[in-house]
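# Structure assessment
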Amino acid sequence: MESKSTRSRLAESSFSMEDFEKALEQFDYQFQKGQIVSGKVVSYETDGAFVDIGAKSPAFLPLQEASLRRITDVSLVLPLNEEREFLIIKEQDAEGQVTVSLRQFEIKQVWDRLAEMQDSSQSLQVRVTGVNKGGVTVDVQGLRGFIPRSHLNERDDLESLKGTSLTATILELDRDRGKLVLSNRLATRSVAFSQLEVGQLVEGKVAGIKPFGVFVDLDGTSALLHINQISKNYVESLPVLFQVGQSIKAMIADLDEGRGRISLSTKVLENFPGEMLENMADVMAEAESRQGRARKTLLGE
């Protein structure tokens, strides 16, 4: 005959096993942290919303996880029964309920999109949100990015950039560390290069005079008219021929986007050797009518 204590232990053991099995029934192990799931909001709470993701219990979407922006009402961004994708950020609790996030799903999408843009060297628009000694912080589709001062076109008055939009390309992307470094200067240069080609006639202003040549500003992009490309004859003195701010027309002789170099030539516009030295005004005035011949010379046609 079993003792009372033995029966009691068996009953307790039987109850515990049954209770354990019931607890297991609350869980759905196909839903794991880090998984992307589809779902619909079925009800709102003051601190979030319940989302039907096909599990035994509705998932919970906290208010702070409902949008990349700060919101006070989930219904503003998620109407009832609208199908959306969410990221599971917390595995099931004792009641078998998982926690999901729309914000972190959107963040993942942004990182994926930015990685593709980096691979294809695409540029994008970013908004300047802050300034520090090293450069500016920017909003990149909801993520925080940084542009070093050395990679800005405007490097002197950084405060003036606050609130403005800049074109930028991605220099460094590390989603694990949340690091996103961009360049405004390289993006601008890339846009400029995309609009130029060898054999093209361009017009700019002399920005600087050096012993080896003249720097020409082409709407914010610097190009070099080397001393050997000014005339077919020997050039003795550049300051005699040019002055800063002077308008000049020239042919693009070479493009090197990797190094950011644009080489110009005016000697291909000359009708005779030394014309640029003797009568530059005529060469400039007739540049458009001479560009066809000059282009064939540069392209070897």
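All figures in this text were calculated on a predicted structure; none of them were measured in a lab. (Residues numbered from 1 in each chain as written. Predicted model: local features only at pLDDT ≥ 70, side-chain atom pairs only at ≥ 80, totals over all residues. Heavy atoms only, no water.)

### Some thoughts on the confidence of the model for the chain
The condition that has to hold: One confidence number per residue, pLDDT, is output by the predictor and ranges from 0 to 100. Contacts between residues were defined by any pair of non-hydrogen atoms, one from each residue, lying within 4.5 Å.
Across the chain, pLDDT averages 88, with 90% of residues at or above 70. In this model residues 1–13 is a low-confidence stretch, pLDDT under 50, and it forms two contacts with partners more than four residues away in sequence or in other chains.

### With respect to the layout of surface pockets
Filter applied, for reference: Grid points spaced at 1 Å and placed over the protein atoms alone form the basis of the search, with a cavity being a set where a 1.4 Å probe fits but cannot get out and a pocket an open set showing protein on both sides within 12 Å along at least five of seven lines. Lining residues have an atom within 4 Å of a point. Grid points are joined across faces, edges and corners, and a volume is the space filled by probe spheres set on the points. Starting at the N terminus, helices and strands are each numbered in turn, a helix being any DSSP run of H or I of at least four residues and a strand any DSSP run of E of at least two.
Its volume calculated, the largest pocket comes out at about 250 Å³. Listed by contribution, the elements that provide at least two residues to the lining of the largest pocket are helix H3 (184–194) and strand E11 (201–210). Looking at the lining of the largest pocket element by element, the count peaks at three residues for H3. Of the volumes computed, that of the second largest pocket is approximately 200 Å³. Residue lining of the second largest pocket: 15 residues in total, with Ala223, Leu224, Arg261, Ile262 and Ser263 positioned closest to the centre. Elements represented by at least two residues in the lining of the second largest pocket include exactly strand E13 (221–226), strand E14 (247–256) and strand E15 (261–265).

### Topic: the pattern of salt bridges
Put simply, the rule reads: The working definition used for a salt bridge is a side-chain nitrogen of Lys or Arg within 4 Å of a carboxyl oxygen of Asp or Glu. Only protein chains enter the accessibility calculation, which uses a 1.4 Å probe; a residue whose area is less than 20% of its type maximum is buried, one above 50% is exposed, and one in between is partly exposed.
This model, assessed by the stated rule, comprises 12 salt bridges. A salt bridge links Glu197 to Arg295, with the shortest nitrogen-to-oxygen separation between them at 3.6 Å. In this pair, Glu197 sits in the loop between H3 and E11 while Arg295 sits in helix H7 (residues 287–299), placing the two residues 98 residues apart along the sequence. Look at Arg295 and you get partly exposed, because its relative accessible area is 30%.

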